[in-house]
Amino acid sequence: MPPDHPRTTAAHTPPPASGAIPAQERDASTISTLRRLLPFVRPARTRILLGATSALLASLCALAIPRVLETIVDGPLARGVANHDTRGLLVGALVVLAFGLLETAFIAARRRLILAPSTEVEKSMRMRLFTHLQDLEVGFHDRWSGGQLLSRSMSDLGLLRRWIAFGVVMLVVDAVTLTVGTVLLLTTNVWLGLVYLCGAIPVTVLAFRFSRRFRSVARLSQDQAGDLATTVEESVHGIRVLKAFGRGRDAMAGFTQRATTLRETEIRKARILSTLQGSFTAIPDVTLGVALVLGVWLVAQGELGVGALAAFFATTAVLAAPVIDLGMLLSMTLNARTALERYLEVLDTPVAVTDPEHPVPLTDVRGELELRGVRFRFGDADTDVLDGVDLVVPAGRRTALVGLTGSGKSTLAMLVPRLYDVTGGQVLLDGVDVRDVTRADLRTVVSVAFEDSTLFSATVRENVLLGAPAGAHDGPAGDAALAQALDVAQAGFVHDLPDGVETTIGEEGLSLSGGQRQRLALARAIAARPRVLVLDDPLSALDVETEAAIQARLDTELAGITTLVVAHRPSTVALADQVAVLEDGRITAVGTHSELLATHASYRHLISTLDAEQQDDDARHTEPAGVVRGTGPERHGDDDGTAAAASDTSTSTTSEGAR
Ligand SMILES: Nc1ncnc2c1ncn2[C@@H]1O[C@H](COP(=O)(O)OP(=O)(O)OP(=O)(O)O)[C@@H](O)[C@H]1O
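Residues numbered from 1 in each chain as written. Predicted model: local features only at pLDDT ≥ 70, side-chain atom pairs only at ≥ 80, totals over all residues. Heavy atoms only, no water.

Draft legend 1. Looking closely at the site of the ligand. Taken together, 13 residues lie around the ligand, and Thr 405, Lys 409, Ser 410, Thr 411 and His 568 are the ones closest in. The side chain of Asp 142 places a nitrogen or oxygen atom 2.9 Å from a nitrogen atom of the ligand. Note that an oxygen atom of the ligand is positioned 2.8 Å from one of the side-chain N or O atoms of Lys 409. In isolation the ligand has 640 Å² of accessible area, and contact with the protein removes 61% of it. It is helix H13 (residues 409-415) that contributes the most residues to the shell around the ligand, 3 residues altogether. Tallied by class, the residues present in the shell around the ligand amount to 4 nonpolar, 7 polar and 2 charged. (Near = heavy atom within 4 Å. Polar contact = N/O pair within 3.5 Å; in protein donor to acceptor, adjacent residues only side chain to side chain. Areas by Shrake-Rupley, 256 points an atom, 1.4 Å probe, with all protein chains shown as cover. Helix = DSSP H or I, 4+ residues; strand = E, 2+ residues; numbered from the N terminus. Nonpolar A, V, L, I, M, F, W, Y, C, P; charged D, E, K, R; others polar.)

Draft legend 2. Quick look at the pairing of strand E9 (residues 532-536). Counting buried residues in E9 gives 5 out of 5 residues, a clear majority hidden from the surface. With burial as the criterion, each face of E9 is covered, one bearing Val 532, Val 534 and Asp 536 and the other bearing Leu 533 and Leu 535. As paired elements, strand E6 (residues 446-450) and E9 share 5 bridges and run parallel to each other. Within E9, the residue paired with Val 448 across the bridge is Val 534. Pairing of E9 with strand E10 (residues 562-566) involves 5 bridges; the strand directions are parallel. Bridge pairing in E10 links Val 532 to Thr 562. Between E9 and its parallel partner E10, the chain crosses via helix H18 (residues 544-557), and the hand of that crossover is right-handed. (Buried < 20%, exposed > 50% of the residue type's maximum accessible area, 1.4 Å probe, protein only. Pairing = 2+ DSSP bridges. Right-handed = clockwise from strand over helix to strand, strands pointing away.)

Draft legend 3. Spotlight on the pattern of salt bridges. Counted according to the given criterion, the structure contains 25 salt bridges. Across the pair Arg 126 and Glu 122 runs a salt bridge whose closest N-O atoms are separated by 3.0 Å. Of this pair, Arg 126 and Glu 122 both sit in helix H5 (residues 86-135), separated by 4 residues, roughly a single helical turn. Residue classification places Arg 126 among the partly exposed positions, given a relative accessible area of 24%. (Salt bridge = Lys/Arg side-chain N within 4 Å of Asp/Glu carboxyl O.)

Spelled out as structure tokens, the structure:
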């Protein structure tokens, strides 16, 4: 008996609205958030610590120079006027020079030490995100836009790298420099030191106010950058539709609006930062002015030496840079915090479709599929799409699934390879709940081809052999698997491509026609040598003759393989061993095509609807042949979109089928 599965629901964590900081992130402190970087930084910590030490030593060298200056002014310089102590002066100058050189050397060492580990941290975080994105169920990708994911994996991680390489190191170093410097100022003269220290009060208040305002704008700008990336992605993806419908200007208007909004947010951000930086520059100047008056008065009173006064001002000059930089470093830190939060929002999303703790091994698979009381509801929907589906797909036979558009056929097909998990009931393969086997095992047994055939930027061979079993990728075994899959899928056209099967096809196969892409996607499913083949209307772009030829080849070459085919054409349905009708989320009839025609009025109605659609399709497919043949970009390149429109509507023609 398969173990009981509690009714599961797909993890539903919607992406936050642009600019909205989720409550748990709002309440967390910057330090506690950034601490979550530690596991990623750990492998690189030695070099980062060495780099930070170098930066610290550079600052200490800079702070030592005023001390030497004080000694020179009060010693050799004071004596030199009377005694010509040029040797003392020379030694002092050489010591200053040595500290200056040391400071330069330590800064260079910091850069060298930290560059490699910070890029390593960025790479490992990016890989972790990519792995997690691969692991997350399809439902997650339904909710999140590509641009948001892209901006999180690229620009957010770039911000974090810069913060690790520079921001955090300089923040720590500047904090230490300011502390040591202030102690030195206080030891030089307590009153002067206190005047300088008074400047810390407005600096702290301003820093807190700045943090609050800057953080929300930083979040908004990073989210808006993601939205902009989504706009670019969608426009590029849908370029043919935009051109075909002459909507290029609208797309441009949408893009301009988002780009303008982002620009305005960036300007707001820059304004907030520049106000802070202006204050951080002015405050030390004011305290310095007050200290100068007080210092001169103290010297005049004989309570302070000239050397000490010179050292005081030289020290404040060294401290000026860390104070001014504080604004920039603070903004970097807040940007890094926002970037990390956005990154973690994805990484913390739990994977809803997981492997079982104790997986059942799949051996000697016959390929019988059974859906038992299957229910399914999309994360944010109010009703179930599938509402108690009971269906047996016999091993080694072809079952066609038919139903009106939107009845849930594709959804049902996706439950078999666990692209989604059922929210009720069970999908059983040879009596084993598919949730009790590992996803890797299941997906070597079940192979899928969708109507929307995605191909990758790779060669035809790589695309087709993507899911082939180990050992069938290269060499004679790979060649044989490739040849068989291309043959069955009637994809011989690839041999006419410039480099045959080694031709690199464009992103998502854009340089191929719809029918050609579908045949390669089908070849990919066949090359995986599955026991169960799920075909979600993958032949929709082909003419009836080509489809029939493929079905016949599937029968002979893949005899014994269980096939569940989502069908939109009576011609496909007629070739199936059994037909199942999906209506109102349930299977309402199962039988052969002729049985159902004879016994079910609703089936007859459904078939006549599909028939009308097929005739429309056929009429379109037999329109002037040859409009879509090229594999190069020239056929997409019409500015008025006519060629693109033609390619959308005639992705498969009779002549294509005849090849
Ligand atoms: N990712 C999704 N999130 C929410 N609802 C969805 C999602 N995908 C599909 N749906 C809804 O689920 C229902 C079934 O969709 P499905 O694509 O499975 O139907 P179908 O029978 O395959 O349709 P068609 O014949 O047009 O391809 C539809 O009402 C659809 O709007």
